[in-house]
Amino acid sequence: MRRNLPSRSHYAAEVKPELDGSRVSLIGWVHEIRDLGGIKFILLRDVSGICQVTVRKENLPQQLLEKIEDIGSEDVVYVEGLVKNQPKARLGVEVILEKIDILSRASRPLPYDVTGKVSAGIDTRLDHRILDLRNPENNAIFKIADTVLAAAREFFRMNNFIEVRTPRIIVTATEGGAALFEVKYFDSKAYLAQSPQLYKEELVTVFERVFEIGPFFRAEESHTRRHVSEFTSIDIEAAFLDLYGVMEILERLIVHIYKRVIEERSKELELLSIDLKVPELPFPRYTYDDMLKELKDSGMELEWGEDFGTEHLRILGEKHKGYYFITHFPTKSKPFYIQPCEDNPELSESFDLMYSWIELASGGTRISDRKLLEKRLIEQGLNVKAFEYHLKVYDYGMPIHAGWGLGLERLLMVLVNKNNIREVILFPRDKFRLTP
RNA sequence: GCCCUGGUAGUAUAGUCCGGUUAGUAUACGGGCCUGUCGAGCCCGGGACCCGGGUUCAAAUCCCGGCCAGGGCGCCA
């Protein structure tokens, strides 16, 4: 026997003045109740938004009134009633209740206030994340994230990229540097991938242009508002392009995402009080040397070859408020697979995409010559033998190629103007949080 | 890993410096009043000093240790 499932005639946000006089049925969660005695207002929330259900007690049978007295915040209810234009209601329309069924009860009191009347710290919010996400302002972030992901996939397909999936369980470090999580893999040790770097480079010899959107893991002991242990990377790799080609793809992707979010998520942007403007192309480009000079002019000397610290980036961010690229970093500050410049091997064909002082993406031209790659592995103190499977691919015809990795959550922080990365991750993971 | 700050009802906070009545407020929750609320309003109620040790006549308050949390640095997306 099939279950008898509750069904609605309309979503809450579809209850508009044009429906005046018609009968509707709604299903949702009780967002808020305001009881004025003879009249009672129930704000009913579903995925589309909130609608006001009005209870006029005078004409209702006792049995129904008792049922209404019994409902509480976050109960799941089915409601039937007549739509009525109502200038006194903020939305200009309300549903006069005729029938209500409680489909599921929420406990009382709830451990967390969904309506957001009392502010809560990020830790408390994350402890009660599901309730926290019911707040329309908070779930708007993830509706925007949905559009960002859809827009990115759409953009990549328009540009002949093929979506690939590379292993999350790997046998060795791909880049050295970042700390890896160790996992038990049957009778041996394995690690959680920190990047798809080597796989996507290998795959350009098959598909020419690949992209991957997926989670990666860093076991860093970071304790900041912009680091977590599990994050989402939007990665591309493309044959027959160098850093300039993939920088163009990156800035055009950002613009495409902005356009789609503005088109499809105006309501969510409004909820978050964000006035999103499509950034202008091209994004400004500066070299590492340019930035060193800028820092010097600001009274902050940095020795050539040193990577920028947060202190330096904050100064650069003061001056460059929006998106901009920094290119041609010193080779020694970059991973082994980055192509050194032909005319000056101390510099590399690398770039970072910045937004103010935040690093959003980094990438560059990759080394496509096996000999050079081996030399760089040795220079960085890595074990060449461990990379044998990867190095072999360079013997099978490896074209010049370039790519980048973009931090999805970092981009979201910029889009929705949040200064803690945990706000834009449904269930964030960091050194101190493994639940919920 | 290093550094700074904090831990008081479900939540957010006042009080802590300078130890001393019943630990205050808001909101949530329960009860009452209220026919146009939309941060509803008014009245009533229950609900808290992170844990352990020390100092003291007396500790939310001072000291030590632990645990937990927020943030910064390094590293990076």
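Residues numbered from 1 in each chain as written. Chains lettered and ligands numbered in written order. Predicted model: local features only at pLDDT ≥ 70, side-chain atom pairs only at ≥ 80, totals over all residues. Heavy atoms only, no water.

**Considerations on the environment of Ser-229**
Here's step 1: The topology assignment puts Ser-229 in the loop between strand E10 (209-217) and strand E11 (230-239).
Here's step 2: Residue Ser-229 is classed as buried on the basis of its relative accessible area, which comes to 9%.
Here's step 3: Not counting the four nearest positions on each side in its chain, Ser-229 is found in contact with Phe-181, Phe-216, Phe-217, Arg-218, Arg-429, Asp-430 and Lys-431. (Helix = DSSP H or I, 4+ residues; strand = E, 2+ residues; numbered from the N terminus. Buried < 20%, exposed > 50% of the residue type's maximum accessible area, 1.4 Å probe, protein only. Contact = heavy atoms within 4.5 Å.)

**Things to note about the pattern of salt bridges**
Here's step 1: Per the counting criterion, the structure on display carries 39 salt bridges.
Here's step 2: Across the pair Glu-212 and Arg-168 runs a salt bridge, and its minimum N-O distance is 2.5 Å. You can see Glu-212 sitting in strand E10 and its partner Arg-168 sitting in the loop between strand E6 (162-163) and strand E7 (169-170), a full 44 residues away along the chain.
Here's step 3: With relative accessibility at 19%, the residue Arg-168 sits in the buried group.
Here's step 4: Through salt bridges with shared partners, a single network forms among Arg-125, Arg-129, Asp-132, Lys-418 and Glu-423. (Salt bridge = Lys/Arg side-chain N within 4 Å of Asp/Glu carboxyl O.)

**Observations regarding the packing of helix H8 (residues 288-297) against helix H9 (residues 310-319)**
Angle between the axes and distance between the axes are the two parameters that describe a pair of packed helices.
Here's step 1: Packing of H8 against H9 leaves a shortest axis separation of 10 Å and a crossing angle of 90°. Relative to H9, H8 is oriented roughly perpendicular. The residues of H9 that touch H8, namely those facing Met-291, Glu-294 and Leu-295, are His-312, Ile-315, Leu-316 and Lys-319.
Here's step 2: Of the residues in the contact of H8 with H9, the class split is four nonpolar, one polar and two charged. (Axes fitted to C-alpha atoms, helices over the stretch in contact; angles between N-to-C directions. Parallel < 35°, antiparallel > 145°, perpendicular 65-115°, else oblique. Nonpolar A, V, L, I, M, F, W, Y, C, P; charged D, E, K, R; others polar.)

**Quick word on the domain arrangement of chain A**
Here's step 1: As assigned here, chain A comprises domain 1 (12-104) and domain 2 (131-424).
Here's step 2: Taking the mean C-alpha position of each, domain 1 and domain 2 sit 48 Å from one another.
Here's step 3: With eight residues of domain 1 at the contact, the number on the domain 2 side is four residues.
Here's step 4: Taken together, both faces of the contact between domain 1 and domain 2 bury some 420 Å²; the carbon and sulfur share is 46%.
Here's step 5: It is Arg-45, Val-47 and Glu-74 that lose the most area in domain 1 upon contact with domain 2, and together they represent 58% of the buried surface on that side. (Domains from an automatic or database assignment. Buried area = accessible area lost by both parts, 1.4 Å probe.)

**Structural notes on a negative patch on the surface**
Here's step 1: On the surface, Glu-303, Glu-306, Asp-307 and Glu-359 cluster together to form a negatively charged patch.
Here's step 2: With respect to the helices and strands, the residue Glu-359 is situated in strand E15 (residues 358-366). (Patch = residues over 30% accessible without salt bridge, like charges linked within 9 Å, V, L, I, M, F, W, Y side chains within 5 Å. Areas by Shrake-Rupley, 256 points an atom, 1.4 Å probe, with all protein chains shown as cover. Lys, Arg positive; Asp, Glu negative; His and termini not counted. Charge placed at Lys NZ, Arg CZ, Asp CG, Glu CD.)

**Structural notes on the side chain of Glu-201**
Here's step 1: By the element assignment, Glu-201 lies in helix H5 (residues 197-207).
Here's step 2: There is a polar contact of 3.2 Å between the side chain of Glu-201 and the side chain of Tyr-394.
Here's step 3: Discounting residues that sit within four places of it in the chain, Glu-201 has contacts with Glu-237, Tyr-337, Arg-366, Ile-367, His-390, Tyr-394, Met-398 and His-401. (Polar contact = N/O pair within 3.5 Å; in protein donor to acceptor, adjacent residues only side chain to side chain.)

**Side note on the sheet that holds E10**
Here's step 1: A sheet is described by the order of its strands in space; here eight strands give the open sequence E6-E10-E11-E16-E15-E14-E13-E12, paired in mixed fashion. Lying at the two open borders of the sheet, with one neighbouring strand each, are E6 and strand E12 (285-287).
Here's step 2: With seven bridges connecting them, E11 and strand E16 (residues 401-407) associate as antiparallel partners. Bridging from a neighbouring strand, Ala-239 pairs with His-401 of E16.
Here's step 3: In the packing of H5 onto the sheet, the strands contacted are E6, E10, E11, E15 and E16, and the crossing angle to E11 comes to about 35°.
Here's step 4: Where helix H12 (residues 408-416) meets the sheet, its contacts fall on E11, strand E13 (323-327), strand E14 (350-355), E15 and E16, and the angle it forms with E16 comes to roughly 55°. (Pairing = 2+ DSSP bridges.)

**A look at H9**
Here's step 1: Buried within H9 are the following residues: His-312, Leu-313, Leu-316 and Gly-317. Around the axis of H9, the buried residues are gathered within 140° of arc, so they sit on the same side. In this structure, H9 carries Glu-311 and Glu-318 as exposed residues pointing more than 90 degrees from its buried face.
Here's step 2: If you follow the buried residues of H9, they end up packed against H8, E13, E14 and E15. (Arc of directions from axis to C-beta.)

**Quick look at the environment of Glu-409**
Here's step 1: For Glu-409, the location among the structural elements is in helix H12.
Here's step 2: A relative accessible area of 6% places Glu-409 in the buried class.
Here's step 3: Counting along the chain gives 15 residues from Glu-409 to Val-424, while the straight-line C-alpha distance between them is 6.2 Å.
Here's step 4: Apart from the residues within four sequence positions on either side, Glu-409 is in contact with Phe-231, Thr-232, Ile-421, Val-424 and Ile-425.

**Section: the protein's contact with RNA strand B**
Here's step 1: Neighbouring RNA strand B are 53 residues, the closest being Arg-34, Arg-56, Glu-58, Lys-88 and Thr-310.
Here's step 2: Within 4 Å of the protein, the contacting atoms of RNA strand B are 53% sugar and phosphate, with bases supplying the remainder.
Here's step 3: The separation between a base nitrogen of RNA strand B and a polar side-chain atom of Glu-94 is 2.5 Å.
Here's step 4: At four residues, the largest contribution of residues to the surface near RNA strand B is made by E15. (Near = heavy atom within 4 Å.)

**Topic: the sheet that holds strand E4 (residues 76-85)**
Here's step 1: Around the barrel, which closes on itself, the five strands sit in the order E1-E2-E3-E5-E4 with mixed pairing between neighbours. Direction aside, the axes of adjacent strands within the sheet are offset by 55° on average.
Here's step 2: As judged from the six bridges shared by strand E1 (residues 23-35) and strand E2 (residues 39-46), these two strands associate in the antiparallel manner. Each residue of the ladder has a partner; that of Arg-34, found in E2, is Phe-41.
Here's step 3: Sheet contacts for helix H1 (residues 62-69): E1, E2, strand E3 (49-56) and strand E5 (93-104); angle to E5, the most-contacted strand, approximately 75°.

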